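Listed here are the chains, written in short residue letters.
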Amino acid sequence: MTTLLTTSDVAHIVARQGARAVFTELLDYVLADFLRWQEFDKCARLASHSPTGVIELMPTADSELYSFKFVNGHPGNPHTGLSTVMAFGALAQVSTGEPLLISELTLTTALRTAVTSALAARALARPESRSMALIGNGSQAEFQALAFHHVLGIDLLHVHDVDAQATRKLQANLAAVAPSLRVVAFGSTAQAVKGVDIVTTVTADKAYATILTPDMVEPGMHINAVGGDCPGKTELHADVLRLGPVFVEYEPQTRIEGDLQQMPADFPVTELWRVLTGQSPGRQGAGDVTIFDSVGFALEDFSALRWLRDNAARLGIGARIEVAPQLNDPKNLFDVVRAAANAKATPGQA
């Protein structure tokens, strides 16, 4: 039998654990998998683009488990009552192909994206960083803010969005769950990023945008660019990438989808796993500008699905469903059809 987790189930896992425990524990799962990076099958995600958005499939596997995520990105969806990003995924046993878990991954993607941002910042930002600007206050924003608050100790958050209602939503949500996090709204990106340690950009438009320009970047900043995550979608001016070392998840994918798509093929980058394993340096001085060009990678969803599987079992959350047939004779698949026909012919009998 397969465990099924709905969005409500995942929300209950988060509520039962509490935000701090969720972000710190999920970070440990993601870190553990990044540290064994070379054990995984890896490929850039498979994307189907349309004029209104993109639908993607993101698979990966190690020797024991296989996972995939189905995810979309349609910036116009909120105008029709749908989320910009919607996702689900599965975790299966490599040795048999048995599906172990099917889960929503919309809420979970927000959690794992925020955790990956915090993991990269913990490795690349100045250790004493306590302030962050958050540009883009939509559905991902609360998760980014809480991850940085609980993992890095960020206690001052500057926020800006072209949609003032999104900013008010963010302020209200954070006030309810993180009262010690001071949130200050600004009227422009330039005002919001002034004087902060970390800048996170998480905007949604599928367009070549310039959210952050070189004149806004100060010595010592760490830039966490999250919103540029498909071809034709950027957030950073190309010259921002030239200000300091650039770090990525999976280079072949980021060169297609990230802000890195603006740069020549030989522009140097470092994959994050190399920093986490000590094979490559990260920040080398307090005045360095470090840039994490984050597009999201299947390994992070693999980690999140493992985390969901373990917590669903521990907390007794989720439904058990028959995705793969449960057969008395594994070679007799037709028996399920005969059983259904017999049940239809004799209604009311067990």
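See above for the structure.
All values derive from a computational prediction rather than experimental measurement.

Trainee: Mind laying out the packing of helix 2 (residues 19-34) against helix 3 (residues 106-124), listing which residues take part and the relevant values?
Mentor: At a minimum axis separation of 9 Å, helix 2 and helix 3 run at an interaxial angle of 70°. For the element pair helix 2 / helix 3, the angle class is roughly perpendicular. Contacts between helix 2 and helix 3 involve V22, F23, L26, L27, V30, L31 and F34 from the former and L111, R112, A114, V115, T116, A118, L119 and R122 from the latter. Tallied by class, the residues present in the contact of helix 2 with helix 3 amount to 12 nonpolar, 1 polar and 2 charged.

Trainee: Lay out the sheet that holds strand 14 (residues 246-248) with the relevant residues and their values.
Mentor: Strand order across the open sheet formed by 8 strands is 9-8-7-10-12-16-14-15, with parallel pairing between neighbours. Both outer strands of the open sheet, strand 9 (182-185) and strand 15 (270-271), are each paired with one neighbouring strand and no more. Sheet topology note: the strand 10 (residues 198-201)/strand 12 (residues 222-225) ladder contains 4 bridges and is parallel. When the bridges of strand 12 are listed, T200 appears paired with N224. Sheet strands in contact with helix 3 are strand 10, strand 12, strand 14 and strand 16 (290-293), and its direction is about 155° off that of strand 16. Sheet strands in contact with helix 4 (residues 141-152) are strand 7 (131-135), strand 8 (156-160), strand 10 and strand 12, and its direction is about 170° off that of strand 7.

Trainee: I'd love a proper account of the environment of G138, names of residues and values included.
Mentor: The topology assignment puts G138 in the loop between strand 7 and helix 4. Classification of G138 as partly exposed rests on a relative accessible area of 29%.

Trainee: How would you sum up the layout of surface pockets? Please name residues and give values.
Mentor: Each pocket or cavity is described by its volume, and for the second largest pocket that value is around 250 Å³. A11, V14, A19, F23, L107, L111, E142, F143, L146, N173 and V177 together form the lining of the second largest pocket. Among the elements of the structure, helix 1 (7-17), helix 2, helix 3, helix 4 and helix 5 (164-177) are those that each provide at least two residues to the lining of the second largest pocket. For the lining of the second largest pocket, the leading source of residues is helix 4, giving 3 residues. A breakdown of the residues in the lining of the second largest pocket according to their chemical character gives 9 nonpolar, 1 polar and 1 charged.

Trainee: Outline the nonpolar core, listing residues and values.
Mentor: Core analysis: the biggest nonpolar cluster contains 67 residues, and F34 and L308 have the highest contact counts within it. Once residues within four sequence positions are removed from consideration, F34 is found in contact with L119, E249, L272, W273, L276, L299 and E300. Ranked by size, the runner-up nonpolar core spans 25 residues in total, among them A133, V193, L236 and V240.

Definitions and limits used
- Residues numbered from 1 in each chain as written.
- Predicted model: local features only at pLDDT ≥ 70, side-chain atom pairs only at ≥ 80, totals over all residues.
- Heavy atoms only, no water.
- Axes fitted to C-alpha atoms, helices over the stretch in contact; angles between N-to-C directions.
- Helix = DSSP H or I, 4+ residues; strand = E, 2+ residues; numbered from the N terminus.
- Parallel < 35°, antiparallel > 145°, perpendicular 65-115°, else oblique.
- Contact = heavy atoms within 4.5 Å.
- Nonpolar A, V, L, I, M, F, W, Y, C, P; charged D, E, K, R; others polar.
- Pairing = 2+ DSSP bridges.
- Buried < 20%, exposed > 50% of the residue type's maximum accessible area, 1.4 Å probe, protein only.
- 1 Å grid on protein atoms, 1.4 Å probe; cavity = no way out; pocket = protein on both sides within 12 Å on 5 of 7 lines; lining within 4 Å.
- Points joined across faces, edges and corners; volume = space filled by probe spheres on them.
- Core = buried A, V, L, I, M, F, W, Y, C linked by side-chain atoms within 4.5 Å.

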